[in-house]
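For reference, the chains in residue letters:
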Amino acid sequence: MASSYVKPKEKTLQNLRDIASRLRIHSIRATCASNSGHPTSCCSAAEIMSVLFFHTMRYRPNEPGHPSNDRFVLSKGHAAPILYAAWTEAGFIKESELLNLRKIDSDLEGHPTPRLPFVDVATGSLGQGLGAACGMAYTGKYFDKTSYRVYCLLGDGESSEGSVWEALQFGSHYQLDNLVAIIDVNRLGQSEAAPLGHDTDVYHKRCEAFGWNTCVVDGHDVDELCQALWQASQQKGKPTMIVAKTFKGRGIPDVENADNWHGKPIPKDKVESVISTIQSQIQTNDVHTIQPPAQDVPPINITDIKMLSFPTYNKGEKVATRKAYGLALVKLGKTNKHVVVLDGDTKNSTFAEFFKQAYPERYIECFIAEQNMVSVALGCAARNRTIAFASTFAAFFTRAFDHIRMAAISQSNIKLCGSHSGVSIGEDGPSQMALEDLAMFRTIPGCTVFYPSDAVSTEYAVSLAANTKGICFIRTSRPETPILYSQEEKFEVGHAKVVRISDADRVVVIGAGVTLHEALSAADELAKQGIYIRVIDPFTIKPLDADTIISNARATGGHIITVEDHYKEVK
């Protein structure tokens, strides 16, 4: 690679300017056709997208999900039309399809989702794209160890989100020099100006203080953007932040840099005049060449992952399910080298530290930043490059709920484990007790919720989670509890276990985790009084084994008691 920047020829620069103009036209036409959307947010980013997609990034336009391609994350997801426009100019989307933007039967949604093969993670809930990009970049640098680079476009408004700064801290700590973020500083938010307006010096100082190689550019100058992105490719040991000063609605007369145009299409009676003005600036219609990526990313297989042996616990032995989780990760990691583990500075409590000790090169310490941890895991799992398990105290996942929700929209397969659940951690007080987590995870579409009650079922939960499509949550407990199941016991998602049964049972009692052991103790005490109860371990709270519960309830007179370590529903 050249040791100094070589300015592109004027013909190339003009071609990039013209592509930017066409991206604006596509965005305006699409949002006008849908009578909704964010054309002004697209127009501020037109030159940035032009230079990224048609000069800097290396990818196969006919194979947008190819593992060797450079990655792009549109964190400012409301600018989706310009992303779709870029893939139209690249030849992947038909221009006519852009007019179906936001229609119910179109995959071109108002904000990007992985229904589209060129979208790795869903965006739109602001402040989350950079964390996912960090996960992709970490995977590229430390797991895949290949040449693809990761680019993330943020809005200035979303930089008020704390998760952005969590991601900035993560990126610099792990020296992600294959990561480039660009802030589109167009000054205007939804209802008023962003806090810093066009003060790019403050953005520069803040990002630099977080350890990023940072520069400020005119975001509408394609030469400055080419140079900044080239310099980013030369940077070693630091990620790069490009602070791009832009104008919202760039190129649209009477709208550029004007208030109160966020999320509004151009009026239909003015569209053709606006498009004519932009078209008049186009000087070329040259076919642009997109550089292909290096073929250096190997195919991998993360399906059908089996433990190499049965659990080694003996009935009656006391083991905390959180400890069994850590030990199970080690066994799983030995089976498949693409199992990776993340934790939020709780690894000595969740026992994720066992995995770190066994496979330090596949462990990511995310520190006390649970939102970013979930987003990093999302990025690690993108394009099926890893099987990512992330753990912390179950209570702390509540602060990351929106990131988990967006992971579900991203069709992600991340696996989350929350330890120290419920009131059994009593001495620590209510701030540490997870008493909302089951309700929270049960609302996540497609999420499987495991609640193992002993070490054997925990090991099976880890193995099943690795092979279950969609987000999985494993709820573990702090206390040591007796082993209930034999080593050869089989567990399945959605299948409960009847652990105590007799013909004289008068009621079904359902417990899980520590409450299952309390239910069994109660059964022993009641049996002394000649009262017999049937005890069920649901194993998964979602899906719940309704058939087993109903059939056993009918056999005991229709009586059911649930013993929950969770907040009750208050009517």
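Source: prediction; values computed, not measured.

Q: Would you take a moment to explain the packing of aromatic side chains for this structure?
A: Two measures describe an aromatic ring pair: the distance that separates the ring centres and the angle between the ring planes. On inspection of all chains with the given rule, the structure shows 26 aromatic pairs. Measuring from ring centre to ring centre gives 5.8 Å for phenylalanine 53 and tyrosine 59, while their planes differ by 75°; the resulting arrangement is edge-to-face. Classification of tyrosine 59 as buried rests on a relative accessible area of 2%. Positioned over the ring face of tyrosine 148 is arginine 71, at 3.7 Å from the centre of the ring. The ring centre of phenylalanine 491 lies 4.8 Å from the NZ or CZ of lysine 497, which sits over that ring.

Q: Can you help me understand the sheet that holds strand β2 (residues 150-155) in this one?
A: Strand-to-strand pairing in sheets goes through backbone hydrogen bonds, with the strands running parallel or antiparallel. If you trace the 5 strands from one edge of the open sheet to the other, you get β1-β2-β3-β5-β4, paired in parallel fashion. Looking at the sheet topology across the chains shown, the edges are occupied by β1 (71-74) and β4 (213-218). Strand-to-strand twist of the sheet, defined as the mean angle between neighbouring strand axes without regard to direction, takes the value 20°. Sheet analysis places β4 next to strand β5 (residues 240-245), joined by 6 bridges and oriented parallel. Across the sheet, the residue bridging to valine 216 is valine 243, located in β5. Strand contacts of helix α7 (residues 200-209): β3 (179-185), β4 and β5, with the helix running at about 160° to β4, the strand carrying the most contacts.

Q: When you look at the environment of glycine 77 in this model, what are you seeing that I'm missing?
A: Its location among the elements puts glycine 77 in the loop between β1 and α4 (80-89). The residues touching glycine 77, leaving out its near neighbours within four places in the chain, are Gly110, His111, Pro112, Thr123, Gly124 and Leu126.

Q: How do you make sense of the UniProt feature "domain: Transketolase-like pyrimidine-binding" (unreviewed entry) in the protein when you look at a structure like this?
A: If you check UniProt for "domain: Transketolase-like pyrimidine-binding" (unreviewed entry), the listed places come out as residues 319-483 in our numbering. What you have in residues 319-483 is 39% helix and 19% strand, and the ends, taken at the C-alpha atoms, are 7 Å apart.

Q: What am I meant to see in the nonpolar core here?
A: Burial of nonpolar side chains together is a common tendency in soluble globular proteins. Ranked by internal contacts, the top residues of the largest apolar core, which has 65 residues, are Leu130, Leu342 and Ile404. If you tally residues by element for this core, the top one is helix α5 (residues 129-144), at 8 residues. If near-sequence neighbours (up to four positions away) are discounted, leucine 342 is found in contact with Ile364, Cys366, Met373, Val376, Ala377, Ala388, Phe389, Ala390 and Ser391.

Rules of the game
- Residues numbered from 1 in each chain as written.
- Predicted model: local features only at pLDDT ≥ 70, side-chain atom pairs only at ≥ 80, totals over all residues.
- Heavy atoms only, no water.
- Phe/Tyr/Trp six-rings, centres within 6.5 Å; stacked < 30°, edge-to-face > 60°.
- Buried < 20%, exposed > 50% of the residue type's maximum accessible area, 1.4 Å probe, protein only.
- Lys NZ or Arg CZ within 6 Å of the ring centre and 35° of its normal.
- Pairing = 2+ DSSP bridges.
- Helix = DSSP H or I, 4+ residues; strand = E, 2+ residues; numbered from the N terminus.
- Axes fitted to C-alpha atoms, helices over the stretch in contact; angles between N-to-C directions.
- Contact = heavy atoms within 4.5 Å.
- UniProt positions renumbered as here; feature names shortened; annotations may be inferred.
- Core = buried A, V, L, I, M, F, W, Y, C linked by side-chain atoms within 4.5 Å.

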